[in-house]
Amino acid sequence: MNKRLSTDEHRLFDAACSGQLDADSHAVLQRVLRDSEEVRVRYLDYLALHSDLFGAVRAARVRERFLATIGVAPQRTSERRRRYRVVGAVLATAAALTLVLNAQRGAEDKTVATASQGLAAQEGEGSWRGLIARVNRVEAVEWQPGCRTFVESDLIAAGEAMVLRAGILEVEFRQGAVVVLEGPAHLVADDANAASLLQGRLAAVAPPWATGFRVDTPGVDVVDHGTEFAVNVSGAGADARVNVVVTEGEVEVLADQQVDGGRRLLAGEGVNATEDAVEDGDDAAARKLTEQLPDRPELKNAVVVGDRWSGWAPGSEGQPCRESAWRYFTNRDGEFGDVQGYKELVWHEADNCYRPADRETSSWFSQHVRVHRDGGHPGRGRDQVWDKIDRYSITGFVVPEDGVYRIEAGWLERMWAKRWDRDEMLDIAVHVNDGPVLMREFCNRDSFVAFRQALGELSAGDTIYVGVGPNGADFNDKFRWGFYVVRETSPPGGATAPNEGGLAATD
Amino acid sequence: MSRAEDREEFLALLSEHEAQLSGFLCAIAPNYQDAEDLLQQTVLTMWQKFAEFERGTSFVAWGRQIGRYKTMNLMKARRLTPLDDAVIDLLLVAEAKQDRDHRLARRRALAGCLEKLPARDRQLVERAYSSEQPIKDVAAAVGRSAGGVYNSLGRIRQALLQCIQATLAKEERA
């Protein structure tokens, strides 16, 4: 191991590990890593410490999910883990870690213990379920024995597989892409805007807010650029063949290991890809499967003007957000919807979030209100305070131009609570300017709710307020969320039925 | 080779190299939460493409390439600036030079160093590294500010690193 870290290096590496590098620090990191082999070694050593402490925990979870995905039974999983694990143990307690690491001394492949007891203790404080899609339709499906079966409205977590022998399955991803899978097929939900098709036929439509929706296959990868397309994976291993056809818009077909600059396919075009070549070709059956996609004009008649996640930006210490069209509030002095009682939140560098300016002094009922990139926390609930008002974590969006607006692909995930005796629901509500509350949804014990909302005709400068409230009490109310503000293009207004169909339909 | 044999071989290789793969992804991902997701996607893709893996070549090098590609996609989708390709190449070279015995010795040393931490620091490390909670939530749970917890963890990591270095130096002298 090389010479010790300097203070500056330590600060820089620590920020990189914690996802807290600003642009200047990022540039410095690039420079020092490029310029010095010694620094590179120290950086890797420092990262190795993180990785040894943290990565083993994560790797253990990844392994569990992976084994479930490839269909290894739980009993065998356990045996396999004991037999093969190298790093093995997770690090819930230092004592457990010591035992585990000592057990590896001189015998890397030996059995090691897990620290599941420690993890279980942590789970008592809650965890995120990582829900990223929902089943919209199950039609004459015959499921693969031994794999999870789904019914309509079932929620799907990242890494879960859908393996069907026959039938039609429609799944809507959290970011808005809708997929129809025809059995026999094997699909793994990777994240809110990506899936891996290991076998079978799939058709997909991606609305503008899901542009970039990605389908990975054993051959090529397919990336949506605003379109409707189908993919068919047949064969296996070296004999795998992937057909891609486009019925509307454009997709990009990427070869293995290619990040961008792939081959672009337009409506009516298609390719057949094998291990050796990617050639023009068609797949009539895959093309026909696109007819099974839902007829929802709202998936195609809007442009995105605001993305809650990517629009979020840190501010200046003690100041409200002025970096973008987004504003953050809490209803300190009145009910949700009464904008006269709203108090703007200010940036707090140490906590990396917007929070009340007077948190440490008077307003104890809103002291837990937070807005950070991923989500936040509401304030106290009506059952906890003398004035019987729920304090919301409120995000405002200032409309840039006149038009007909909607909220699309809204979702909220509450931390999965293990303490049911202290469990309460969250609610999410929307209003515009000082108008009435247009929507109120509740996030119940499923820990997940999806939402969409028509907002009607708005003028430049109007503010859309979306609030997350404690619904009575603020126990276990940490949440993550996202939504898009979209402006309709054509037809304006009435043709869209934003609250019918889709991921939010039955929540 | 049957699918079952493929699976056995894949799992054996993965077990042997997953720590290295995880470490590499930690080095180039935006943060640890993302590193877990990237590892998940990387492992799945490696399995999908296992038929293409050339036996006798480096499993971990192959996995790193796939992981690198996944990371670039993620950064691109989030409009984040990744490390330059050239820097990642240099990190790959530096990592390839580190031998397996060194990595194992480092982990053994870490175990001893954790034992030497004051109980309060050890508890904070446990909490921060074994749960899925972000630091802000860990801070709330222990009644401290997130900034304070970041600082404490930074101090503890530095202490652990120095302890590991001292332990390894002592072993080399012995």
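Nothing here was measured: the structure is a model prediction, and the numbers come from that model.

What counts and what doesn't
Residues numbered from 1 in each chain as written. Chains lettered and ligands numbered in written order. Predicted model: local features only at pLDDT ≥ 70, side-chain atom pairs only at ≥ 80, totals over all residues. Helix = DSSP H or I, 4+ residues; strand = E, 2+ residues; numbered from the N terminus. Buried ≥ 20, exposed ≤ 12 C-beta atoms within 10 Å, placed from the backbone. Contact = placed C-beta atoms within 7 Å. Axes fitted to C-alpha atoms, helices over the stretch in contact; angles between N-to-C directions. Parallel < 35°, antiparallel > 145°, perpendicular 65-115°, else oblique. Left-handed = near helix turned anticlockwise from the far one by under 90°. Nonpolar A, V, L, I, M, F, W, Y, C, P; charged D, E, K, R; others polar. Pairing = 2+ DSSP bridges. Expected span 1.5 Å × (residues − 1). Arc of directions from axis to C-beta. pLDDT = per-residue confidence, 0-100. Core = buried A, V, L, I, M, F, W, Y, C linked by C-beta atoms within 7 Å.

Caption draft 1: Examining the overall build of chain A more closely. A tally of regular secondary structure across chain A gives seven helices and 25 strands. Within chain A, the proportion of its 507 residues that are buried is 49%. Here the contacts in chain A between residues at least 6 apart in sequence split such that 59% fall between residues at least 24 apart.

Caption draft 2: Here's a closer look at the packing of helix H1 (residues 7–17) of chain A against helix H2 (residues 23–35) of chain A. Residues and elements named next belong to chain A. Remark: H1 packs on H2, axes separated minimally by 10 Å, with the N-to-C direction vectors making an angle of 110°. In terms of orientation, H1 and H2 fall into the roughly perpendicular class. The crossing of H1 and H2 is left-handed. Between H1 and H2, the residues in contact are Leu-12, Ala-15 and Ala-16 and Ser-25, Val-28 and Leu-29, respectively. Residue classes in the contact of H1 with H2 are distributed as five nonpolar, one polar and no charged.

Caption draft 3: Highlighting the sheet that holds strand E13 (residues 326–330) of chain A. Residue and element names in this part refer to chain A. Pairing in this open sheet of six strands is antiparallel, and the strands run E14-E13-E19-E24-E21-E22 from one edge to the other. Two strands close off the open sheet at either side, each with one partner strand: strand E14 (343–344) and strand E22 (439–443). Pairing between strand E19 (residues 393–398) and strand E24 (residues 463–469): six bridges, direction antiparallel. Bridge pairing in E24 links Phe-397 to Ile-464.

Caption draft 4: Molecular detail of helix H4 (residues 85–97) of chain B. Residue and element names in this part refer to chain B. Spanning 13 residues, H4 covers 19 Å between terminal C-alpha atoms, matching the ideal 18 Å at 1.5 Å per step. Along H4, the positions that sit buried rather than exposed are Val-87, Leu-91 and Glu-95. The buried residues of H4 occupy an angular sector of 75° when the element is viewed end-on, so they sit on one face. Those residues of H4 that are exposed and aimed more than 90 degrees away from the buried face are Asp-85, Ala-86, Asp-89, Val-93 and Lys-97.

Caption draft 5: Representation of unusual backbone geometry within the structure. All names here are of chain A. Cis geometry is adopted by the peptide bond preceding Pro-184, which originates at Gly-183 and carries an omega value of 5°. The residue Pro-184 is located in strand E4 (residues 178–191) in this model. Phi is positive for Ser-153, close to 80°, though the residue is something other than glycine. With respect to the helices and strands, the residue Ser-153 is situated in the loop between strand E1 (131–143) and strand E2 (155–157). The class for Ser-153 is partly exposed, based on 14 C-beta atoms found within 10 Å. The backbone of Lys-388 shows a phi angle near 55°, a positive value even though the residue is not glycine. Lys-388 sits in the exposed class, given 10 other C-beta atoms within 10 Å.

Caption draft 6: Spatial organisation of the confidence of the model for chain A. Residues and elements named next belong to chain A. Residue-level pLDDT values for chain A average 77, and 76% of them are 70 or greater. Across residues 73–126, where pLDDT falls below 50, the model places 96 contacts with residues more than four positions away in sequence or in other chains. Low confidence marks residues 492–502, where pLDDT is under 50. Its contacts with residues over four positions away, or in another chain, come to 23 contacts.

Caption draft 7: Quick peek at the confidence of the model for chain B. Residue and element names in this part refer to chain B. Within chain B, residue pLDDT values average 80, and 91% of them lie at 70 or more. Ranking the elements of chain B by mean pLDDT puts helix H7 (residues 135–141) last, at 77, and helix H3 (residues 59–77) first, at 85. Prediction confidence for the complex, expressed as pTM and ipTM, is 0.61 and 0.79 respectively.

Caption draft 8: Region of interest: the nonpolar core. Within the largest apolar cluster, 160 residues are counted, with the highest numbers of intra-cluster contacts made by A:Val179, A:Leu181, A:Leu202, A:Ala204, A:Val231 and A:Val244. Not counting chain neighbours up to four residues away, the residues in contact with A:Val231 comprise A:Leu197, A:Leu202, A:Val215, A:Thr217, A:Val222, A:Val242, A:Val244 and A:Ala286.

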